[in-house]
Amino acid sequence: MTNRNKYKKTVVITPEFYNYGALLITGILKDNDYNTTLIKGFENNNQNHEITFISLQSTIHIIKYKKEIESIKGITIIGGPITRDPSIILNNLNVDIVVLGEGEDTILEIMKKLEKTNDKNNLYNIDGIAYLNNDNEIIINPQKTKPSINRSLPYVPSDINKEQIRGANTYIETHRGCSGHCSFCQVPCFFGREIRSRKTEDIIKEVKYFKNHGAERIAISGGTGTLYGSKDFRINDDQFTNLLKEISNITKPANLTIPDIRVDLVTPKTLNAIKKYTNQWVFYGIESGSQRILKKMKKGITLDQINNAVDLARFAGLKIAGSFIVAYPGETEEDFDQTLDLVADLSLDDYFISIAEPIPGTQLAKDIKDYPDEENLLYQKSKKYKKENYSVAEERALDLMIESYIFRSHPVMMNKNLLNTLKDEVKQQHEHITKVMKLYK
């Protein structure tokens with residue numbers, strides 16, 4: 001087969017780890033005979049490429065890698081989750097094109113246009129991209145159709161077994177979309193609210209491919225694991241169970257993880273399947289112990305559903321982790337105290353605690369642009385931690401982290417080293433989010 005575009009060197013860069021989107025895009029380009037290399041990080045990029053795709057997973061990457069990105073020669077194209085708000089990229093990075101949302105079809109159209117010339121002006125009539133015109137105005141060409149989820153296999157790098165992404169070497173995609181309305185979550189605004197599940201045989205083929213190329217521990221993800229095969233936000237127990245069973249036959253249960261599950265999308269059958277076919281952990285998105293804040297987040301769950309889901313998981317013999325968000329806009333001391341109480345009552349096996357972060361494309365990101373700084377807990381000074389010069393957001397994150405170690409299934413004694421580790425984590429989160437806030441403002 002003739003190698004089209006063989007004289008044009010193309011590189012896909014994934015800044016910090018081999019994210020699934022970068023692997024998928026690389027696989028698609030290679031499968032269509034393009035001369036493509038995948039690089040993790042910018043250190044190994046010799047800049048001798050005519051076309052560079054960069055998959056940005058986090059808004060902070062705009063700041064963190066600005067110098068490296070803007071030093072790249074040739075046509076530079078940005079993709080990844082943060083592209084749901086192309087203005088935040090184009091206003092802060094000197095790049096040529098932003099590929100909006102699901103970019104599989106868009107990148108192939110870009111490559112076809114570039115086969116004969118490297119003139120970026122030839123790209124401006126492509127659907128699903130954004131760019132700056134000659135008057136420095138942001139032009140957005142809407143994405144008219146969603147790409148098929150029946151696609152090429154991802155490219156698997158030779159060192160995939162060295163990756164550690166929440167305990168897994170890689171995530172694989174089982175479906176796209178979520179019917180939820182969580183104001184902080186990017187999944188529905190990136191993939192839409194319709195649940196589009198991949199064929200089980202395609203997923204199994206991909207798992208075998210990863211396994212044969214060195215991946216040992218695999219996590220399946222689509223935003224909410226149990227939505228696989230569902231319609232109208234209802235669980236398809238049989239299809240989900242069958243999927244876990246078939247994947248587990250390849251990976252073995254100890255090497256399979258289901259990262260994220262909504263508390264209103266579990267049943268005894270799904271939890272028993274997770275117990276039998278995975279590493280026996282369930283990760284619930286709980287977020288807050290305040291029903292008022294859950295409503296502000298548009299989470300769509302109740303405290304009763306949280307407690308019921310935890311009880312069901314315990315009955316199934318699973319280990320339970322919960323994610324919590326603090327300093328959400330409008331959170332009062334009473335709201336936070338209710339979260340502290342819930343953490344103490346649940347006594348989970350592990351916790352993930354984060355300060356509310358506005359992610360591009362989400363309702364939270366849209367709201368935060370007009371939110372007064374004086375009301376933002378990121379900027380309000382803590383009275384409790386004056387010496388540390390903490391914000392109220394940092395105070396609440398640290399207090400909840402400390403509480404989570406004390407009130408868990410197996411309490412952990414707080415010592416100086418652990419406390420310092422938590423303080424470092426809180427500080428890093430705060431610095432990260434305040435930098436992101438400046439991009440929005």
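It should be emphasised that the depicted structure is a prediction, and the values quoted were computed from it without experimental measurement.

Just checking my understanding: could you explain the layout of surface pockets for this structure?
Unoccupied space between atoms shows up once a probe the size of one water molecule is rolled over them. Looking at the second largest pocket, its volume works out to about 260 Å³. Going through the elements one at a time, α12 (333–346) and α14 (392–406) are the ones with two or more residues in the lining of the second largest pocket. The class makeup of the residues in the lining of the second largest pocket is four nonpolar, two polar and eight charged.

So what exactly am I meant to see when it comes to empty space enclosed by the protein here?
On inspection of all chains with the given rule, the structure shows one cavity of 30 Å³ or more. In this model, the largest cavity occupies a volume close to 90 Å³. Lining the largest cavity are 15 residues; nearest its centre among them are A327, P329, I368, N376 and L378. Counting residues per element, the ones that place at least two in the lining of the largest cavity are α13 (363–368) and α15 (416–440). Broken down by class, the residue content of the lining of the largest cavity amounts to 12 nonpolar, two polar and one charged.

Can you walk me through α15 in this structure?
Between its first and last C-alpha, α15 extends 36 Å over 25 residues, near the 36 Å set by a 1.5 Å rise per residue. Of the residues making up α15, those classed as buried are L418, L422, V426, Q429, H430, I433, T434, V436, M437, L439 and Y440.

Before we go on, may I ask you to explain the sheet that holds strand β3 (residues 51–55) in this structure?
Hydrogen bonds along the backbone pair up the strands of a sheet, which may run parallel or antiparallel. Within the open sheet, the seven strands sit side by side as β2-β1-β3-β4-β5-β6-β7. Their pairing is mixed. Each of the sheet's edge strands pairs with one partner strand only, and the pair in question is β2 (36–40) and β7 (138–141). Neighbour-to-neighbour, the strand axes of this sheet turn through a mean angle of 20 degrees, independent of strand direction. The sheet contact formed by strand β6 (residues 129–132) and β7 spans four bridges and is antiparallel. For I129, the partnering residue across the bridge sits in β7 and is N141. Against the sheet, helix α5 (residues 104–114) makes contact with β1 (10–14), β3, β4 (75–79), β5 (97–99) and β6, and its axis sits at roughly 165 degrees relative to β3, the strand it touches most.

Rules behind the numbers
- Residues numbered from 1 in each chain as written.
- Predicted model: local features only at pLDDT ≥ 70, side-chain atom pairs only at ≥ 80, totals over all residues.
- Heavy atoms only, no water.
- 1 Å grid on protein atoms, 1.4 Å probe; cavity = no way out; pocket = protein on both sides within 12 Å on 5 of 7 lines; lining within 4 Å.
- Points joined across faces, edges and corners; volume = space filled by probe spheres on them.
- Helix = DSSP H or I, 4+ residues; strand = E, 2+ residues; numbered from the N terminus.
- Nonpolar A, V, L, I, M, F, W, Y, C, P; charged D, E, K, R; others polar.
- Expected span 1.5 Å × (residues − 1).
- Buried < 20%, exposed > 50% of the residue type's maximum accessible area, 1.4 Å probe, protein only.
- Pairing = 2+ DSSP bridges.
- Axes fitted to C-alpha atoms, helices over the stretch in contact; angles between N-to-C directions.
- Contact = heavy atoms within 4.5 Å.

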